[in-house]
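Structural overview
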Amino acid sequence: MASYISSVIDVAQDPFPVDDRFDTYGLDSVEITIMCGMMEEEFEIEVNPDQVFDHPSVTAFSQHLAKRLDERSVAA
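Nothing here was measured: the structure is a model prediction, and the numbers come from that model.

Further remarks concern the pattern of salt bridges. One pass over the full model with this rule turns up one salt bridge. Taking the shortest distance from any N to any O, the salt bridge between R21 and D23 comes out at 3.4 Å. Overall, the relative accessible area of 45% leaves R21 in the partly exposed class. By relative accessible area, which is 52% here, D23 ends up exposed.

Given below as structure tokens:
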């Protein structure tokens, strides 16, 4: 996520402000949707852009996705 966001907007990747809310980066809904699509492809998991509102930072969203991936691996 940090790599994608820093490539789309002018935010330094190192150190990337992972605890800032997504809306502080200036991402619009199209960019959020593209980012979610990229994560779906990379992690082979459905990522609904609406989940960004429930987990509004890179840290929170990463933790949410990690939990879902863990649950998926346990179920398999």
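Alright, that's what it looks like, and here's the rest.
This next bit is on the nonpolar core. Of all hydrophobic cores here, the largest spans 18 residues; its most connected members are I5, F22, Y25 and F61. If you list the elements that add at least two residues to this core, you get α1 (2-8), α2 (22-25), α3 (29-43) and α5 (58-75). Sort the elements by how many residues they give to this core and α3 lands first, with four residues. Beyond its immediate chain neighbours, meaning those up to four positions away, Y25 contacts I5, I9, F16, P17, V18, D20 and V58.

Packed helices, taken two at a time, are described by their axes: the angle between them and the distance between them. Following both chains from N to C, one finds α3 and α5 inclined at 30 degrees, their axes separated by 13 Å at the closest point. The angle between α3 and α5 places the two elements in the roughly parallel class. At the point where α3 passes α5, the crossing takes the right-handed sense. Touching C36, M39 and F43 of α3 are F61, L65, L69 and R72, all from α5. Within the contact of α3 with α5, the residues separate by chemical class into six nonpolar, no polar and one charged.

Calculation notes
Residues numbered from 1 in each chain as written. Predicted model: local features only at pLDDT ≥ 70, side-chain atom pairs only at ≥ 80, totals over all residues. Heavy atoms only, no water. Salt bridge = Lys/Arg side-chain N within 4 Å of Asp/Glu carboxyl O. Buried < 20%, exposed > 50% of the residue type's maximum accessible area, 1.4 Å probe, protein only. Core = buried A, V, L, I, M, F, W, Y, C linked by side-chain atoms within 4.5 Å. Helix = DSSP H or I, 4+ residues; strand = E, 2+ residues; numbered from the N terminus. Contact = heavy atoms within 4.5 Å. Axes fitted to C-alpha atoms, helices over the stretch in contact; angles between N-to-C directions. Parallel < 35°, antiparallel > 145°, perpendicular 65-115°, else oblique. Left-handed = near helix turned anticlockwise from the far one by under 90°. Nonpolar A, V, L, I, M, F, W, Y, C, P; charged D, E, K, R; others polar.

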